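The chain contents come next:
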Amino acid sequence: MNFVQHILQRLAQTPERPVLQEVRAGQILSASCGELAALVKSARAFLRNAGVKKGDRCALLAHNSIRWAALDLAMMAEGILVVPLYPRQAPLELVGMMRDCGPSRVCCGGRSLADAIAEHWPEAPRIHLFEEIFDSGADTSSVEDTPVALTDDDPVTIIYTSGTSGEPKGVVLNVGNLNHMLGCTNSRLDLLMGPREAPDRVFHYLPFCFAGSWIVLLTCLTRNSVLALSTDLNKLVDEMRLAAPNYFLNVPALLERVRAGIEDQLKKKGGVGLKIYQKGKAAWFRTQAGETRGLDIVWMGLANTIVFPAIKKKLGPDLKALICGSAPLARDTQLFFSMIGLPVLQVYGLTETSAICTMDHPHQVTPGRVGPAINGIEMKLGECDEILVRGPNIFPGYWNRPEETAKVRSNGWFHTGDQGEVDETGNWAVIGRIKNLIIPSSGHNIAPEPIEELVLKNLSGAQQVVVVGNGRSYLSAIITGDVKKDQVDAALETLNAQLPHYKCIRAFHVDNQPFTIENGLLTANGKLKRDLIAANYKEQIERMYQPKRL
């Protein structure tokens, strides 16, 4: 039984069980398995009447919702390749991806999105709004409860990469990829949650058009879970408390903000609570470094009794763990959450690996590492310590790009482009991207990401840091955020004292305006577009390398 059959069977077997929720305006709107199944049938009937058939591509352009999930399932049940797209992305970029894959239909969640696509793509295929798809009253009597026959090699989706450099490529994932991956995610969550009759309560705010986020949706649909969908990122904390989850998927940037927010609130309140927190935190971090002092046990005891549990309760009394992916999480942030009693389980992977290569074991977390390889796959280090992966999670290829596929696949191994290391227990760490390596005139190979992380850690108010210096005599940095020159000077003086000479940052440029998706300097999932940043800041970079006048 493949994953699509399994999900539809579960919906049919427990029609009254709540399965998906939307958190809207302080209220939770819930859909049962039966209601979701009915939406799937309506969408399948509509797609058949529209003449969409197995093997066709359909673009899915909308924000997360119960209907998004229903349409996704309906397309896969019909053997249609789902092309999920990010609704916040620029219309021209969206049109470029759709021209590449040639969808027979475009399904939009709202009129404004549909109008934007039509404006930039006059010859676009027929665009259907969700209201048309789900409220058409199409006859569902001929729609089976089971999906069309699918083999492991049948493709189910084309997910476009973020395009940190160059044009985004469509990653094709097939039934076999998903069958394997969902088995792996379920087994890890079983370890986290243990034997229980109650459903997992899961909160979710990341767009389904990203591979890791989509895997969360499908995993929840294959197990006893209730998945609550955020609908307003400005009310994320309130929505999370309302959903009262056991776990949810995060990106590092959010966890960094949560940590900073907690510490800012404690500073504003001041008093005994702040002192206990500061002393307890210092003691905790020293203990983790094997440098325990005389009164550390006392301060940790007080913090563990008075302060840390209160922080955890405020975040979510039922939280068992936080899951984090998309980029390496700062070790100190992972330690912070562990300190207050919330383990952060890291996940590493790429769209091409069905989103996941490694996952932390819930009971064996090593801060700063991303866990061991998932069951059934192999990982090793190649040239320049590049992480290579092979197994049933590896994508069959990029859509209509055989040459690009051949570049990243050889002898069964997928070349991730990530630089990593692995310890004697098989626990992996991701250091940076091979293509981001900076080689200054000294000849050293330098991964910029760890240095950028250190600058952010030491410079309060900084939002983003990009280290440059390829072919130059020293490293420089572009820094965004609310920071002043003297702050940067002080932070770099402290940081440089800890680094070897070839990794020291000798010059910098500050821009108070951050890189964003809207100004084109971040990808759809928030990654730095380093090539474009370097091009946009060419003059500023050149000034950082001009000889200093005496």
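Residues numbered from 1 in each chain as written. Predicted model: local features only at pLDDT ≥ 70, side-chain atom pairs only at ≥ 80, totals over all residues. Heavy atoms only, no water.

## A few points about the overall build of the chain
- When helices and strands are counted, the chain shows 18 helices and 23 strands.
- The globule rule puts the C-alpha radius of gyration for 550 residues at 24 Å, and the 24 Å found for the chain is close to it.
- Seen along its three principal axes, the alpha-carbon backbone of the chain occupies a region of about 80 × 55 × 45 Å.
- Across the 550 residues in the chain, those meeting the buried criterion constitute 53%.
- Of the contacts formed within the chain by residues at least 6 apart in sequence, a portion of 65% connects residues at least 24 apart.
- A total accessible area of about 24600 Å² is found for the chain, and carbon and sulfur atoms account for 51% of it.
- Charge separation in the chain, taken as the distance between the mean sites of 58 positive and 58 negative side-chain charges, equals 5 Å. (Helix = DSSP H or I, 4+ residues; strand = E, 2+ residues; numbered from the N terminus. Rg over C-alpha atoms; globule rule 2.2 N^0.38 Å. Buried < 20%, exposed > 50% of the residue type's maximum accessible area, 1.4 Å probe, protein only. Contact = heavy atoms within 4.5 Å. Areas by Shrake-Rupley, 256 points an atom, 1.4 Å probe, with all protein chains shown as cover. Lys, Arg positive; Asp, Glu negative; His and termini not counted. Charge placed at Lys NZ, Arg CZ, Asp CG, Glu CD.)

## Considerations on the sheet that holds strand β23 (residues 505–511)
- If you walk across this open sheet you meet the three strands as β21-β22-β23, and the pairing is mixed. Strands with a single pairing partner mark the edges of an open sheet, and in this sheet they are β21 (462–468) and β23. Going across the sheet, the axis of each strand differs from the next one's by a mean of 25°, ignoring polarity.
- Both strand β22 (residues 475–481) and β23 contribute to a ladder of six bridges, which runs parallel. Its bridge partner lying in β23, Ile478 is registered against His509. (Pairing = 2+ DSSP bridges. Axes fitted to C-alpha atoms, helices over the stretch in contact; angles between N-to-C directions.)

## With respect to the side chain of Ser65
- Along the chain, Ser65 turns up in the loop between β3 (57–61) and α3 (66–77).
- In this structure, Ser65 is in contact with Glu22, Phe130, Phe208 and Leu229, ignoring residues within four places of it in sequence.

## What about the nonpolar core?
- Core analysis: the largest hydrophobic core is formed by 121 residues, its most contacted members being Phe3, Leu71 and Trp214.
- When residues of this core are assigned to their parent elements, the largest contribution, 10 residues, is made by α3.
- When sequence neighbours within four positions are dropped, the list of residues in contact with Leu71 reads Ala43, Leu47, Leu60, Cys107, Phe130, Ile133 and Phe134.
- Counting 21 residues, the second-largest nonpolar core is a separate cluster that includes Leu81, Val83, Met98 and Tyr160. (Core = buried A, V, L, I, M, F, W, Y, C linked by side-chain atoms within 4.5 Å.)

## Notes on the pairing of strand β11 (residues 247–250)
- Covered by surrounding structure in β11 are Tyr247 and Leu249 together with Phe248 and Asn250, the residues of both alternating faces.
- As paired strands, strand β9 (residues 200–204) and β11 are joined by two bridges and run parallel to one another. Bridging across to β11, Val202 finds its partner in Tyr247.
- The pairing of β11 with strand β12 (residues 322–324) spans two bridges and is parallel.

## Observations regarding the environment of Val237
- Among the secondary structure elements, Val237 is positioned in helix α9 (residues 236–243).
- In the structure, Val237 is positioned 79 residues away from Gly316 in sequence and 9.7 Å away in space, judged by C-alpha atoms.

## Regarding the sheet that holds β12
- One open sheet holds the eight strands; their spatial order is β2-β1-β10-β9-β11-β12-β13-β14, and the pairing between them is mixed. The open sheet has two edge strands, β2 (27–32) and β14 (358–359), and neither has a second partner.
- Relative to strand β13 (residues 344–348), β12 is paired through three bridges, and the arrangement is parallel. In the sheet register, Cys324 faces β13, and the bridge partner there is Gln346.
- Helix-sheet contacts for helix α8 (residues 211–222) involve β1 (18–24), β9, β10 (225–230) and β11, and the interaxial angle to β10 is about 145°.

## Quick notes on the packing of aromatic side chains
- In the structure shown here, the tally under the stated rule is 11 aromatic pairs.
- Seen in terms of ring centroids, Phe515 and Tyr537 are 5.9 Å apart; in terms of plane orientation they differ by 80°. Their pairing is edge-to-face. Of the two residues, Phe515 sits in the loop between β23 and α17 (530–536) while Tyr537 sits in the loop between α17 and α18 (538–544), which places them 22 residues apart along the sequence.
- The buried category is assigned to Phe515, whose relative accessible area is 2%. (Phe/Tyr/Trp six-rings, centres within 6.5 Å; stacked < 30°, edge-to-face > 60°.)

## Notes on the packing of helix α11 (residues 271–288) against helix α12 (residues 296–315)
- Here α11 crosses α12 at 120°, and the two axes come no closer than 8 Å. Here α11 runs over α12; the crossing is left-handed. Taken together, the residues of α12 that come into contact with α11 (itself represented by Gly273, Lys275, Ile276, Tyr277, Lys279, Gly280, Lys281, Ala283, Trp284, Arg286 and Thr287) are Asp296, Trp299, Met300, Leu302, Ala303, Ile306, Val307, Phe308 and Ile311.
- Along the lines of polarity and charge, the residues of the contact of α11 with α12 split into 12 nonpolar, three polar and five charged. (Left-handed = near helix turned anticlockwise from the far one by under 90°. Nonpolar A, V, L, I, M, F, W, Y, C, P; charged D, E, K, R; others polar.)

## Considering the environment of Ser65
- Judged by relative accessible area, Ser65 falls into the buried class, the value being 10%.
- Along the sequence, Ser65 and Leu229 sit 164 residues apart, while their C-alpha atoms lie 6.8 Å from each other.
- There is a polar contact of 3.0 Å between the side chain of Ser65 and the backbone nitrogen of Trp68. (Polar contact = N/O pair within 3.5 Å; in protein donor to acceptor, adjacent residues only side chain to side chain.)

## Details of helix α4 (residues 91–101)
- By the burial criterion, the buried members of α4 are Leu94, Val95, Met97, Met98 and Cys101. Seen along its axis, α4 keeps its buried residues to an arc of 160°; they face one direction.
- If you follow the buried residues of α4, they end up packed against β3, β4 (81–85), β5 (105–108), α5 (111–120) and β7 (155–160).
- Gly102 sits one or two positions beyond α4 and adopts a positive phi of about 60°. (Arc of directions from axis to C-beta.)

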